[in-house]
Amino acid sequence: MRGLGKRFGELAALSDVNLEVRRGEIVVLLGLSGSGKSTLLRHVDGLEQPSSGEISVLGRDLAQLTGRELRRLRSRIGFVFQQFELVGSLSVLENVLTGALAALRGPRLGLISYPRELKRAALGHLDRVGLLNAAYQRADTLSGGQQQRVAIARALMQNPEVLLADEPVASLDPESSEQVMTLIREIALDQGLTVLCSLHQVDLALGWGDRIVGLRHGEVVLDTPTDGLSKAQVMEIYGRVATTTSEFRAISELERQFAGTDAAGGPA
Ligand SMILES: Nc1ncnc2c1ncn2[C@@H]1O[C@H](COP(=O)(O)OP(=O)(O)OP(=O)(O)O)[C@@H](O)[C@H]1O
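Residue numbers restart at each chain and count upward from 1, following the sequence in its written direction. This being a predicted model, a pLDDT of at least 70 is required before a residue's local features are given, and a value of 80 or more before pairs of side-chain atoms are given or counted; all residues contribute to the totals for chains, interfaces and linings. For side-chain calculations, the full set of non-hydrogen atoms in the structure is used, while hydrogens and water are omitted.

K.L.:
Give me the site of the ligand: which residues, what numbers.
P.N.:
Residues are counted as near a molecule or strand when any one of their heavy atoms sits within 4 Å of it. Taken together, Phe-8, Leu-11, Ala-13, Leu-32, Ser-33, Gly-34, Ser-35, Gly-36, Lys-37, Ser-38, Thr-39 and Glu-167 make up all the residues around the ligand. Here Leu-32 contributes a backbone N or O atom positioned 3.4 Å from an oxygen atom of the ligand. Polar contact criterion, stated in full: a pair of N or O atoms within 3.5 Å, where within protein one must be able to donate a hydrogen and the other to accept it, and residues adjacent in sequence count only if both atoms are side-chain atoms. At a separation of 3.0 Å, an oxygen atom of the ligand approaches a polar backbone atom of Gly-36. Coverage of the ligand by the protein amounts to 58% of the 620 Å² it exposes when considered alone. At the level of elements, β2 (11-17) and α1 (37-44) are the ones that each hand at least two residues to the shell around the ligand. At three residues, the largest contribution of residues to the shell around the ligand is made by α1. Here the term charged refers only to Asp, Glu, Lys and Arg, the term nonpolar to Ala, Val, Leu, Ile, Met, Phe, Trp, Tyr, Cys and Pro, and the term polar to all other amino acids, Gly among them. In terms of residue class, the shell around the ligand is built from four nonpolar, six polar and two charged. Areas reported here follow the Shrake-Rupley algorithm with a probe of radius 1.4 Å; residue values treat only the protein chains shown as occluding. Secondary structure follows DSSP: runs of H or I at least 4 residues long count as helices, runs of E at least 2 residues long count as strands, and numbering of each begins at the N terminus.

K.L.:
An account of the packing of helix α5 (residues 144-156) against helix α6 (residues 174-191) is needed here, citing residue identities and associated values.
P.N.:
The geometry of α5 relative to α6 is characterised by a closest axis approach of 9 Å and an angle of 15 degrees between their N-to-C directions. Taken together, α5 and α6 sit at an angle that is classed as roughly parallel. Note that α5 runs across α6; the crossing there is right-handed. Of α6, the residues touching α5 (which contributes Gly-145, Gln-148, Arg-149, Ile-152 and Leu-156) are Ser-176, Gln-179, Val-180, Leu-183, Ile-184, Ile-187 and Gln-191. For the contact of α5 with α6, the per-class residue count stands at six nonpolar, five polar and one charged. Every axis corresponds to a line fitted to the C-alpha atoms, with the helix fit spanning only the stretch in contact, and the corresponding angles, defined between N-to-C directions, vary from 0 to 180 degrees. An angle counts as roughly parallel when it lies under 35 degrees, as roughly antiparallel when it exceeds 145, as roughly perpendicular when it falls between 65 and 115, and as oblique in every other case. What makes a crossing left-handed is the near helix being turned counterclockwise from the far one by less than a right angle; a clockwise turn instead makes it right-handed. Residue contacts are defined here by distance: any two heavy atoms, one from each residue, within 4.5 Å place the two residues in contact.

K.L.:
Describe unusual backbone geometry, with residues and values.
P.N.:
Positive phi, close to 65 degrees, is recorded for Phe-84, a residue that is not glycine. We classify Phe-84 as buried; its relative accessible area is 9%. Located in the positive-phi region is His-217, a residue other than glycine, with phi close to 50 degrees. Checked against the element boundaries, His-217 lands in the loop between β10 (211-216) and β11 (219-225). The buried label applies to any residue whose accessible area, calculated with a 1.4 Å probe on protein chains only, is under 20% of its type's maximum; exposed applies above 50%, and partly exposed to all values in between.

K.L.:
Explain the nonpolar core to me, using residue names and the numbers behind them.
P.N.:
Nonpolar core, defined: a set of buried Ala, Val, Leu, Ile, Met, Phe, Trp, Tyr and Cys residues in which side-chain atoms within 4.5 Å join the residues together. Residues Leu-126, Ile-152 and Val-195 are the most contacted members of the largest nonpolar core, which totals 53 residues. Val-195 has contacts with Glu-25, Ile-26, Val-27, Leu-163, Ile-184, Ala-188 and Trp-208, leaving out every residue within four places of it along the chain. Core analysis: the second largest hydrophobic core is formed by 23 residues, Leu-14, Leu-29, Leu-58 and Leu-215 among them.

K.L.:
Which residues make up the pattern of salt bridges, and what values go with them?
P.N.:
When their charged atoms lie close together, side chains carrying opposite charge are able to pair. Note on definitions: salt bridges are taken to be side-chain nitrogens of Lys or Arg within 4 Å of carboxyl oxygens of Asp or Glu. Here the structure, examined in full by the defined rule, presents 15 salt bridges. Asp-223 serves as the salt-bridge partner of Arg-211, at 2.8 Å between the closest nitrogen and oxygen. With Arg-211 in strand β10 and Asp-223 in strand β11, this pair connects stretches of sequence that are 12 residues apart. The class for Asp-223 is partly exposed, based on a relative accessible area of 40%. In the salt-bridge network here, residues are joined through shared partners; they are Arg-22, Glu-25, Arg-211 and Asp-223.

Structure below.
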């Protein structure tokens, strides 16, 4: 992205964003609600058009693509959402299969309408996310963490090269969050996926991403590898992405904790 800007009327949702993500990189977009994370991810998937600047994905300048070319490019990009976006009344397997719809012609009605090799692939992806046993269950009978794993399996049906995840664990409990984030990272490393994942929790971002890009009011205020970040730097990250009183309260609390354990500020 070069000089990427997006306005919604008077509001600048993104301002002069310059970002280059290398293939295979696992990047966290960190920022509070409203900082522009979703808007940025939607630009990468070609769902929004920039008000200014340029964006290229997988070597293609999005502004130059025809509708068909954009659809083809989007089929190489998987997207996982905060609310999973499954069809609750369908089976888990059928939800996963819908990930292949872009590659098929015409609508599909029921499991029987999908080619056998796709069903085999879908079952393979369900196995990968640890939910093979739930394949024929209705999606709305699963827990939140399980539903997000189904959504990941659905994204894998596209054989994506890029995986976008928009606050994938925001509605999950800490244990399920940990499982889902670990799974995304393992799959990304296995398959050499490039990942852009938005999060609002600094501690989760630090333990998970290779690199953190911090957004505040649509501007990049931080871009740093996570490797070897010190506690002092962690606190600085909080300071940069935080804007609300409750966030600053969280910072003071953490500072107190860190002061008790490591006043010199060793590795986090
Ligand atoms: N389609 C739209 N029309 C008008 N304003 C929008 C639109 N989409 C986003 N915005 C505004 O742009 C700003 C950035 O929103 P965005 O959803 O990208 O933030 P975010 O960091 O992803 O926050 P959240 O985690 O709450 O989704 C917000 O002020 C939001 O209200």
